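A closer look at the structure
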Amino acid sequence: MTTEQRAPDTSITATKMVIGGELVDAADGQTFQVSNPARGVVMATAPQGGKEDVDRAVKAATAAFEDPTGWSSWSAAKRGRTLMKLSNLVKEHLEELAQLESRNGGKPISGARGEVLGASLVFEYYAGAANKVFGETIPVSKPGLDFTLREPIGVVGLIVPWNFPMLMASWKLGPALAAGNTCILKPASYTPLTAIRLGELALEAGFPPGVVNVVTGPGGTAGAALAAHPGVGKIAFTGETTTGQEIMRLASGTIKKVTLELGGKSPNIVFADADIERFAKESPYAVFDNAGQDCCARSRIFVQRSVHEQVVQLFAQATRNVKVGDPADEATEMGSLISFKQRDRVLDYVGIGREEGAELVVGGTAPEGEAFAGGAYVLPTVFDNARNDMRICAEEIFGPVVSIIPFDSEEEAVRMANDTPYGLSGSIWSRDIGRALRVARGVRAGVLSVNCNSSVHTEAPFGGYKMSGIGRELGMHAIDMYTELKNVYVDLT
Ligand code: NAD
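The structure reproduced in this document is the subject of the present report. In this text, all values refer to a predicted model and were calculated from it rather than measured experimentally. (Residues numbered from 1 in each chain as written. Predicted model: local features only at pLDDT ≥ 70, side-chain atom pairs only at ≥ 80, totals over all residues. Heavy atoms only, no water.)

Turning next to the overall build of the protein chain. The helix and strand tally for the protein chain stands at 15 helices and 20 strands. Relative to the globule expectation of 23 Å for 493 residues, the C-alpha radius of gyration of the protein chain, 23 Å, shows essentially globular dimensions. Along the first, second and third principal axes, the C-alpha atoms of the protein chain reach 70 × 65 × 40 Å. In the protein chain, which comprises 493 residues, the share counted as buried stands at 57%. Long-range pairs, those at least 24 residues apart, make up 74% of the contacts in the protein chain with a sequence separation of at least 6. Accessible surface for the protein chain amounts to roughly 19,700 Å². Of this, 53% is attributable to carbon and sulfur atoms. A gap of 3 Å separates the mean positions of the 47 positive and 57 negative side-chain charges of the protein chain. (Helix = DSSP H or I, 4+ residues; strand = E, 2+ residues; numbered from the N terminus. Rg over C-alpha atoms; globule rule 2.2 N^0.38 Å. Buried < 20%, exposed > 50% of the residue type's maximum accessible area, 1.4 Å probe, protein only. Contact = heavy atoms within 4.5 Å. Areas by Shrake-Rupley, 256 points an atom, 1.4 Å probe, with all protein chains shown as cover. Lys, Arg positive; Asp, Glu negative; His and termini not counted. Charge placed at Lys NZ, Arg CZ, Asp CG, Glu CD.)

Right, let's get into the sheet that holds strand 18 (residues 447-450). Strand order in this open sheet of 7 strands is 14-15-16-13-12-17-18, and the pairing throughout is mixed. Of all the strands in the sheet, just strand 14 (359-362) and strand 18 have a single pairing partner and so form its edges. For this sheet, the mean inter-axis angle between neighbouring strands, taken without regard to orientation, is 20°. Pairing analysis gives 3 bridges linking strand 12 (residues 267-270) to strand 17 (residues 425-429), with the strands arranged parallel. The partner of asparagine 268 across the bridge, within strand 17, is serine 427. On top of the sheet, helix 13 (residues 410-418) reaches strand 12, strand 13 (300-304) and strand 16 (401-407); it is set at about 145° to strand 16, its chief contact. Of the strands in this sheet, strand 12, strand 17 and strand 18 touch helix 14 (residues 433-442), which is tilted by about 165° from strand 17. (Pairing = 2+ DSSP bridges. Axes fitted to C-alpha atoms, helices over the stretch in contact; angles between N-to-C directions.)

This next bit is on the site of the ligand. Taken together, the neighbourhood of the ligand is formed by 28 residues, with Val160, Lys186, Thr243, Leu262 and Glu396 sitting nearest. At 3.3 Å from an oxygen atom of the ligand is found a main-chain nitrogen or oxygen belonging to glycine 239. Here a nitrogen atom of the ligand sits 2.7 Å away from a polar atom, N or O, in the main chain of leucine 262. Burial of the ligand by the protein amounts to 91% of the accessible area it has alone, namely 850 Å². (Near = heavy atom within 4 Å. Polar contact = N/O pair within 3.5 Å; in protein donor to acceptor, adjacent residues only side chain to side chain.)

Further remarks concern the sheet that holds strand 5 (residues 41-47). Read from one edge of the open sheet, 3 strands run 1-5-4, paired in mixed fashion. This sheet does not close on itself; its edge strands, each paired only once, are strand 1 (13-14) and strand 4 (31-36). Bridge analysis of strand 4 against strand 5 gives 6 bridges, and the strand direction is antiparallel. Residue pairing across strands places serine 35 opposite valine 42, the latter belonging to strand 5.

This part covers the nonpolar core. Among the nonpolar cores identified, the biggest contains 58 residues, and Leu86, Val90, Tyr126, Leu173, Leu177 and Phe207 are the most heavily contacted of them. Excluding its chain neighbours within four sequence positions, the residues that come into contact with valine 90 are Leu97, Val116, Ser120, Phe123, Met166, Leu198 and Leu201. Counting 56 residues, the second largest nonpolar core, distinct from the first, contains Ala291, Val303, Tyr377 and Phe383. (Core = buried A, V, L, I, M, F, W, Y, C linked by side-chain atoms within 4.5 Å.)

Moving on, we get to the pairing of strand 11 (residues 257-261). When a strand is regular, its side chains alternate between the sheet's two faces. When you tally the buried positions in strand 11, you get 4 out of 5 residues, the bulk of the element. In this sheet, strand 11 lies alongside strand 10 (residues 234-238) in parallel orientation, the contact comprising 5 bridges. Pairing of alanine 236 across the sheet is with threonine 259, part of strand 11. One crossover worth recording links strand 10 to the parallel strand 11 by way of helix 8 (residues 241-252), and it is right-handed. Inspection of the sheet shows strand 11 paired to strand 19 (residues 469-470) by 2 bridges, in the antiparallel sense. When the bridges of strand 19 are listed, leucine 260 appears paired with isoleucine 470. (Right-handed = clockwise from strand over helix to strand, strands pointing away.)

When their charged atoms lie close together, side chains carrying opposite charge are able to pair. Scanning all chains against the criterion turns up 22 salt bridges. The salt bridge involving arginine 197 is made with glutamate 96; its shortest N-O contact spans 2.6 Å. Of the two residues, arginine 197 sits in helix 6 (residues 193-205) while glutamate 96 sits in helix 3 (residues 94-105), which places them 101 residues apart along the sequence. (Salt bridge = Lys/Arg side-chain N within 4 Å of Asp/Glu carboxyl O.)

One can describe the packing of helix 7 (residues 219-228) onto helix 8 by two numbers: an axis separation of 7 Å at closest approach and a directional angle of 45°. Classified by the angle their axes make, helix 7 and helix 8 are oblique. Residues Ala224, Ala227 and Ala228 of helix 7 lie in contact with helix 8, whose contacting residues are Ile247, Leu250 and Ala251. Considered class by class, the residues forming the contact of helix 7 with helix 8 number 6 nonpolar, no polar and no charged. (Parallel < 35°, antiparallel > 145°, perpendicular 65-115°, else oblique. Nonpolar A, V, L, I, M, F, W, Y, C, P; charged D, E, K, R; others polar.)

Written out as structure tokens, the structure reads:
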């Protein structure tokens, strides 16, 4: 049964977009339904924005950017204080936002709270960063003074996915706003609700009208209009690699700056000398968190052959212990997938894995029982004795499926880890620090962790090699992505 077939929830919230400081409907009055995928019911409607609404938002953001006494003319410290107010407001509304995200995304309430807190901390970081954006003085050959300025780009379009809606929005809004840009945020159609609340909270925090706009609507129309719009100076996008390619095409007409955070097929490499018990205890969460709908999901586990049996046994046991259930339950560790379409796609991949000859060790089906009947659930799934060239190891499944692949030598592990078009993240487990560092240098990915699976640090750069993306988010590196670099030479003679 699809979400569309079920009777709507009785408490459907009708939401509005945020454009130019006003809460508005789509210009043509159209709306779309927003679902709770764990229950299989509609929970809200959102305005179905299109080209006309994007035009409105670009006008509002341009006026806000060009206002001579407006946002981009404010002192960096004042911009920082406003971001800090937003950070505090997000924290004050943590429970409300987490409940919304949990219901809308099917994600466990505990994880949703962590995500909202994470967004608040990202705003806090960029509140502090706003007045620490420095230029340089450069000893050029001529006798004058040469210095650089980092200036805001102008109007920036921020297009985010459904897997971590609030966090992805904060990763983009934080540095964009700290640098003095004005923004148009376009959330994914599955999950527009926290983005809308964020737009409302930004008004409450004191961002002038037009500085933070939120346009909801389909990617193919609203998103595409934003990516192609001549009034937008930059697009920051997180989503699928194929959509990223389309964004680049759309942005090319006006040579927009583009940063892309795209898909992944991240390796988790375990050497025989690793702390195997710790690996097996922690690593299921590196792939089954958020029901595997995580660009950093460690979905390929490479295990040195001498410990292969032991790793499979411990990892399978730890996987069986992952608590799958109602996202509203405090004890739940894995909720539903985002949609029935995504569930079916994941189950199709399970079938493909079996046909390819991988050995199904755990999961592979939807969980049974009344509690799961209406929701888009799939059990955490482990394949063993997979080969790196199988489709389940080559393609991003974006669901709770992991493949274990044995290897013999360090060189072979690095070669297989790199044998993918992606290069986002990865983990290395070994007590031999020399080896761990050699492998960390050898793996062509933007974010690596040794003896843990920790990919994201607000203060450190995050982003992908190869087809996993262009540019870096988080840390001060993200500021570079939202600024133009101007060089000024002063003749002193
Ligand atoms: P998606 O590409 O389908 O959609 C992402 C956003 O783009 C949505 O807001 C969507 O409406 C919009 N969009 C779709 N088509 C568009 C178009 N033609 N023009 C403009 N905008 C368009 O991705 P998704 O399914 O929402 O998210 C899952 C993907 O995101 C996965 O591939 C995952 O790996 C990736 N992801 C990457 C990172 C990272 O940091 N590298 C983080 C999270 C998710």
